[in-house]
Every structure is written in C-alpha cells, then in structure tokens.
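Observations on the model geometry
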Amino acid sequence: MMETFIEAKVKFNKQLENGKFKKVNEPYIVKALSFTEAEARVTKEVSPYISGEFTVSAVKKSNIVEIFRNAEGDFWYKVKANFINIDEKTAVEKLTPVYYLVQAQDFRTAYDNFLKGMKGTMADFVIASITETKIMDVFDTL
C-alpha cells in the first residue's frame, strides 16, 4: 500500500477578530496510507491550534501527486500540468493531466516555484491552470 495525499476538512467554531464566532470548515492535506490514518493525523496536528470542540467532517482522496513547499508562502496553489505524450500507433499527441500543490505568496511566485520544482523533469509538459486553494496547511512529513 502506498501513501497518498488525502484532503481532510475540519469543522469548528472560529473566533473572528471582532470577537464573534463563526462555524468554519477548513481543508487540510495529509499524506497517509488510509482515511483512518489521515483523520487521526489531522486531529493530532490541528488540536493544539483550535480551542473548543471540532470534528473531521470529510475525508477524501486528493488528486495531488506532489507538493512544492516554500517557507515564505502563505497560500497553497493547485497547478494542473498536462504532460505531452505521443501515441506510438497513431502518432497523435495526448495530454495527461497531473496535479501539484505549490506553496507561494502570490500567483506569480506559485508559477515560479512550480517551475523550480519541475526543474530536471525530462518529460514535456504545459501548465493548464494555477488556482489558489482554500487549503490551510499540508501535513506530508512526520
């Protein structure tokens, strides 16, 4: 069995700057072998930061294959890269989408960080999209 990236959502009452509370459902990415392990890991990771009760409200497999971190980045961007393959029989170009998560300060930095992370990749690819996500944090190492 192989570790995969799993998205886990945590539901809790968050205190806003004005002192009021708002029910939120924040997504996190966890590298784990199973949904059970992902739920336990996200519970362990977020419990020191959330006062009061919280629940892991959803757990689902993510289509992310790799993560590029950048300590200066406050946001997570999802990059869809289409890898270019040539069908040997028909000689037709085929695009295979692969998804990455890139930590960055803004869109431009996300683009640069992605290209830096892909440096040395032998396969040809084109960036199909870069979108800011609502992901709060990534727990991919123990």
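Our subject is the structure listed above.
Since this is a predicted model, take the numbers as computed values, not measurements.

Parameters and conventions
- Residues numbered from 1 in each chain as written.
- Predicted model: local features only at pLDDT ≥ 70, side-chain atom pairs only at ≥ 80, totals over all residues.
- Heavy atoms only, no water.
- Pairing = 2+ DSSP bridges.
- Helix = DSSP H or I, 4+ residues; strand = E, 2+ residues; numbered from the N terminus.
- Axes fitted to C-alpha atoms, helices over the stretch in contact; angles between N-to-C directions.
- Contact = heavy atoms within 4.5 Å.
- Buried < 20%, exposed > 50% of the residue type's maximum accessible area, 1.4 Å probe, protein only.
- Polar contact = N/O pair within 3.5 Å; in protein donor to acceptor, adjacent residues only side chain to side chain.
- 1 Å grid on protein atoms, 1.4 Å probe; cavity = no way out; pocket = protein on both sides within 12 Å on 5 of 7 lines; lining within 4 Å.
- Points joined across faces, edges and corners; volume = space filled by probe spheres on them.
- Nonpolar A, V, L, I, M, F, W, Y, C, P; charged D, E, K, R; others polar.
- Arc of directions from axis to C-beta.
- Phe/Tyr/Trp six-rings, centres within 6.5 Å; stacked < 30°, edge-to-face > 60°.

Attention now moves to the sheet that holds strand S4 (residues 64–68). Spatially, 4 strands are ordered S4-S6-S5-S7 in an open sheet, and the strand pairing comes out mixed. The open sheet has two edge strands with one neighbour each: S4 and strand S7 (125–132). For this sheet, the mean angle separating the axes of adjacent strands, direction not counted, is 25°.

Spatially, S3-S1-S2-S8 is the arrangement adopted by the 4 strands of the open sheet, whose pairing is mixed. The open sheet terminates on both sides in strands that have one partner only, identified here as strand S3 (54–61) and strand S8 (137–139). Adjacent strand axes in the sheet meet at a mean angle of 25° when their direction is disregarded. Along the sheet, helix H1 (residues 35–46) contacts strand S1 (4–15), strand S2 (21–32), S3 and S8; its crossing angle with S2, the most-contacted strand, is approximately 125°.

Residue position: threonine 133 is located in the loop between S7 and S8. Its relative accessible area of 18% is what places threonine 133 among the buried residues. Reaching out from threonine 133, the side chain makes a polar contact with the backbone oxygen of tryptophan 76 at a distance of 2.8 Å. Of note is the side chain of threonine 133, whose polar atom sits 3.3 Å from the backbone nitrogen of isoleucine 135. Sequence-distant contacts of threonine 133, defined by excluding residues within four places in its chain, comprise Trp76, Tyr77, Lys78 and Leu101.

Take a probe with the size of a water molecule and roll it over the atoms, and the empty space left behind shows itself. Of the voids in this model, the largest pocket is the one considered here, and its volume is about 290 Å³. Lining the largest pocket are 15 residues, and of these Phe12, Glu26, Tyr28, Tyr49 and Ile50 lie nearest its centre. Among the elements of the structure, S1, S2, H1 and S8 are those that each provide at least two residues to the lining of the largest pocket. The biggest single contributor to the lining of the largest pocket is S1, with 4 residues. Of the residues belonging to the lining of the largest pocket, the class tally is 8 nonpolar, 3 polar and 4 charged.

Below, the discussion takes up helix H2 (residues 107–117). Looking at H2, one finds that the buried residues are Ala110, Asn113 and Phe114. The arc enclosing the buried residues of H2, seen along the axis, measures out at 100°, which places them on a common side. Facing away from the buried side of H2 by over 90 degrees, the exposed positions are Arg108 and Lys116. The secondary structure elements touched by the buried residues of H2 are S4, strand S5 (75–86), strand S6 (93–104) and S7.

Position of phenylalanine 114 among the secondary structure elements: in helix H2. Looking at phenylalanine 114, the relative accessible area reads 0%, which means it is buried. In this structure phenylalanine 114 touches Phe68, Val79, Ala81, Tyr100, Val102, Phe125 and Ile127, once residues within four positions along its chain are discounted.

Next up on the list: the packing of aromatic side chains. In the structure shown here, the tally under the stated rule is 6 aromatic pairs. Look at phenylalanine 83 and phenylalanine 125: their rings are 5.6 Å apart centre to centre, the planes differ by 45°, and that puts the pair in the tilted class. Here phenylalanine 83 is found in strand S5, whereas its partner phenylalanine 125 is found in strand S7, with 42 residues between them in sequence. Ring geometry for tyrosine 100 versus phenylalanine 114: centroids 5.2 Å apart, planes at 65°, classification edge-to-face. With tyrosine 100 in strand S6 and phenylalanine 114 in helix H2, this pair connects stretches of sequence that are 14 residues apart.

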